[in-house]
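# Descriptive structure summary
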Amino acid sequence: MRLIGLFLAFIFIFIPTAAFSQELFPDRSVQGTTAMNAPPGPPVIPFIDLTVRNPSSGQEVAFSLQLLLLLTVLSLAPSIIILMTSFLRVSIVLDFIKRALSLQQVPPNQVILGISLFLTIFIMWPTFSAIYTNSLQPLSAGELSVENAYREAEAPLRIFMYSQMSSRPENIRLFMAMRGLDRPDTLADVPTYVLIPAFILNELTVAFKIGIMLFIPFIVIDMVVASSLMSMGMIMLPPVMISMPFKLALFVLVDGWALLTEQLVRSFM
């Protein structure tokens, strides 16, 4: 025990403290600390200022009017897409076929509207391409004014709407007469505010005619099923539960979706 005590005393006396520090803390080592970092400051929220002032030049007035016109067009964009394109007819016909098949939730309304939107893009693609080439592209390049760009964008839509009513111009004459205008001879004689409601009325008429033609074969199936259930005395059994599988089978066997889509697209050609 004395030898051990002498040995430990020799170590603590004759070995310098630096040796321990070098041994315990080698090079490139960092000593720890018990001090806590300062807490982070509050988040900085930017201040957004909207200043309303009088315009200093005519260019600022023109820019304000252009911005107001752009916001107006964006707010009316859904109505323009729905009422001035093929979307109205396609969506109504797809809803008719859903009701004719006695389907309540399949396909959902969002799916019906999505199909109608993409079919509208497919049908209206030449018109949209003409609008982009003749109106939007020259306007962004500074080659056309806003008024001329509006006229160039309006022309393809007017041609499309008028082409759908060329064989049935009764609606145009109806709205022209209600407005007290003379009977038009060409498309240039029809104002746009007359052409749009006439086109909407025409699309509703055509869509309902197609819906009637779609309902006829499925009504026949409902009548056959209902009469068969009545003859068997199954009065309490809803005929829709029995007829719906037969209608679905008939629709699938004749490839109904492809036929319906093809005829819808051809009705605009």
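Above: the structure in question.
I will try to describe carefully the structure that is included in this document. (Residues numbered from 1 in each chain as written. Predicted model: local features only at pLDDT ≥ 70, side-chain atom pairs only at ≥ 80, totals over all residues. Heavy atoms only, no water.)

The next thing to look at is the pattern of salt bridges. Opposite charge on two side chains allows them to pair when their charged atoms are near. Summed over the entire model, instances satisfying the criterion amount to five salt bridges. A salt bridge links glutamate 203 to arginine 89; the nearest nitrogen and oxygen atoms lie 2.6 Å apart. Taken together, the residues span a long stretch of sequence, with glutamate 203 in helix H8 (residues 192-231) and arginine 89 in helix H4 (residues 87-100) at a distance of 114 residues. Neither glutamate 203 nor arginine 89 differs from the other in exposure class; each is buried. The closest approach of N and O atoms between lysine 247 and aspartate 222, which form a salt bridge, is 3.3 Å. In this pair, lysine 247 is assigned in helix H9 (residues 239-253) and aspartate 222 in helix H8, connecting sequence segments 25 residues apart. (Salt bridge = Lys/Arg side-chain N within 4 Å of Asp/Glu carboxyl O. Helix = DSSP H or I, 4+ residues; strand = E, 2+ residues; numbered from the N terminus. Buried < 20%, exposed > 50% of the residue type's maximum accessible area, 1.4 Å probe, protein only.)

A word on the environment of valine 190. Take valine 190: it is sitting in the loop between helix H7 (170-179) and H8. For valine 190, a relative accessible area of 2% translates into the label buried. Spatially, the C-alpha atom of valine 190 lies 9.5 Å from that of tyrosine 162, the residues being 28 residues apart in sequence. Not counting the four nearest positions on each side in its chain, valine 190 is found in contact with Arg158, Ile172, Pro184 and Leu195. (Contact = heavy atoms within 4.5 Å.)

With respect to the helices and strands, leucine 103 occurs in the loop between H4 and helix H5 (109-140). Residues leucine 103 and leucine 248, 145 residues apart in the sequence, show an inter-C-alpha distance of 9.5 Å. Apart from the residues within four sequence positions on either side, leucine 103 is in contact with Lys98, Met244 and Leu248.

Okay, unusual backbone geometry next. Despite not being glycine, serine 102 has its phi angle at roughly 60°, a positive value. Non-glycine residue aspartate 255 carries a positive phi angle of around 55°. Within the fold, aspartate 255 resides in the loop between H9 and helix H10 (256-266). For aspartate 255, a relative accessible area of 46% gives the class partly exposed.

All right, on to the layout of surface pockets then. Counted as a void, the largest pocket has a volume near 1200 Å³. In terms of lining residues, the largest pocket is bounded by 29 residues, among which Val73, Ile80, Leu136, Tyr150 and Ala153 are the most central. Elements with a minimum of two residues in the lining of the largest pocket: helix H3 (58-83), H5, helix H6 (146-164) and H8. Here the lining of the largest pocket gets 13 residues from one element, more than from any other, and that element is H3. (1 Å grid on protein atoms, 1.4 Å probe; cavity = no way out; pocket = protein on both sides within 12 Å on 5 of 7 lines; lining within 4 Å. Points joined across faces, edges and corners; volume = space filled by probe spheres on them.)

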